[in-house]
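One-letter residues, chain by chain:
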Amino acid sequence: MDAHHHLWDPADPGQDWLAEPGHAAIDRVFTADDLRAAAAGGVDGRPLGAAVVVQSVCTPGESRALLATAAADPLLAGVVGWVDLTGDVLGQLDDLRSGAGGELLVGVRHLVQGEPDPAWVLRDDVQRGLRVLAQEGLAYDLLVREPQLAAGVEAARRAAEHGLVVVLDHAGKPDVRRGAPAGALDAWEERVRALAAVDGAVCKVSGVLSEVGGSGADDDAVRRVLDVLLDAFGPQRLAFGSDWPVCTLASSWAQWAELVAGRAAGLGAADRDALFGATASRTYRLADRAGSTDRTTT
């Protein structure tokens, strides 16, 4: 399973970010069939049988479109959409769920990494919104950079009190670039381990290479990140994701899959099952939704 990928059309509202410098290679339409082609080799000897598509812009229109796309394609087992967490969250969720594919809404994400307030996720109005997600049985994908991780850890602790599953996207975006400042990963590791200590928190093994740019990745740093994640969370709370097509700015879907599978080669069968599918299925309750919609998610 690919627990984190995107689909988009640059012509859609909000996708103008694709025209920014450095994004030319992904400034085109990406469909589920493109994902099938990119992931044709599978991961860890497993064909890609299910995927979770994640919002890329903060508009309700994109979320509605992704849900409708998922309803028509059995590969897409769930959608992590967007709602304004500071507004009428229940009303927005009802609107998404009433449309095509609404039953496939499995989680919500906001682009916290772009918020100027490093403690945005701890604001009272945001916290109220997160409690609604808990009541509605949805997961919350936490997209932050390292400076925002401290607030993310506290948010995860509060969320656990309400039964909300927090999913750390892209391992908290560690800096694995060649030439990164000495000790760049130390603060990241401390905070990721603190998040891993929160009951029920989950982490996606995704997006680690997506922002290395022209400098490329430091192989030792990437290995350290993967080893920290395996040690801190354990495979039962890790979910493989590609961050495709963003990942193609630095590597292919297959290259990232091969790298993660290689680092996980020493794990037992049950742990590899978790990393490459079962964790995501449990976290997003995909089996429950498959039963209610008669869709295949394995």
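Just so it is clear, the structure is predicted and the values come from calculations on it, not from any experiment.

Here is what the cut-offs are and how they apply
- Residues numbered from 1 in each chain as written.
- Predicted model: local features only at pLDDT ≥ 70, side-chain atom pairs only at ≥ 80, totals over all residues.
- Heavy atoms only, no water.
- Phe/Tyr/Trp six-rings, centres within 6.5 Å; stacked < 30°, edge-to-face > 60°.
- Buried < 20%, exposed > 50% of the residue type's maximum accessible area, 1.4 Å probe, protein only.
- Helix = DSSP H or I, 4+ residues; strand = E, 2+ residues; numbered from the N terminus.
- Polar contact = N/O pair within 3.5 Å; in protein donor to acceptor, adjacent residues only side chain to side chain.
- Contact = heavy atoms within 4.5 Å.
- Core = buried A, V, L, I, M, F, W, Y, C linked by side-chain atoms within 4.5 Å.
- Pairing = 2+ DSSP bridges.
- Axes fitted to C-alpha atoms, helices over the stretch in contact; angles between N-to-C directions.
- Right-handed = clockwise from strand over helix to strand, strands pointing away.

A. Structural detail: the packing of aromatic side chains. What the rule picks out here adds up to 5 aromatic pairs. For the pair Trp8 and Trp17, a centre-to-centre distance of 5.2 Å together with 85° between the ring planes defines the contact as edge-to-face. Exposure remark for Trp8: the relative accessible area of 4% places this residue in the buried category. Judged by centre distance (5.9 Å) and plane angle (85°), the rings of Trp8 and Phe30 are edge-to-face. In this pair, Trp8 sits in the loop between β1 (2–5) and α1 (32–38) while Phe30 sits in the loop between β1 and α1, placing the two residues 22 residues apart along the sequence. Classification of Phe30 as buried rests on a relative accessible area of 5%. Clustering of aromatic rings is evident, with ring pairs tying together Trp8, Trp17, Phe30 and Trp244.

B. Layout of the side chain of Gln15. For Gln15, the location among the structural elements is in the loop between β1 and α1. Here the side chain of Gln15 touches Ser56 through a polar contact of 3.1 Å, side chain to side chain. Beyond its immediate sequence surroundings of up to four residues, Gln15 is in contact with Trp8, Asp9, Pro10, Ser56, Val57 and Glu62.

C. Spotlight on the nonpolar core. Of all hydrophobic cores here, the largest spans 84 residues; its most connected members are Leu85, Val121, Leu133, Tyr140, Leu229 and Phe233. Examining the composition of this core, we find that 7 residues originate from one element, helix α7 (residues 219–232), more than from any other. When sequence neighbours within four positions are dropped, the list of residues in contact with Phe233 reads Val192, Leu195, Ala196, Ala201, Val202, Cys203, Val228 and Leu238. The next biggest cluster of nonpolar side chains, apart from the first, holds 15 residues, and it includes Ala3, Val80, Val167 and Tyr284.

D. Region of the structure containing the sheet that holds β1. The strand order β1-β2-β3-β4-β5-β6-β7-β8 describes an open sheet built from 8 strands, whose pairing is parallel. Pairing within the sheet leaves two strands with one partner each, and these edge strands are β1 and β8 (238–240). When the angles between neighbouring strand axes are averaged without regard to direction, this sheet yields 30°. Direction of pairing for strand β5 (residues 139–142) relative to strand β6 (residues 166–168): parallel, over a ladder of 3 bridges.

E. Local environment of the pairing of β5. Burial along β5 is two-sided: Ala139 and Asp141 facing one way and Tyr140 and Leu142 facing the other are all buried. Here 4 bridges tie strand β4 (residues 105–110) to β5, and the two strands are oriented parallel to one another. Along β5, the bridge assignment pairs Arg109 with Asp141. Following the backbone out of β4, through helix α4 (residues 124–135) and into the adjacent parallel β5, one traces a crossover that is right-handed. With helix α5 (residues 149–161) bridging β5 and its parallel neighbour β6, the resulting β-α-β unit is right-handed.

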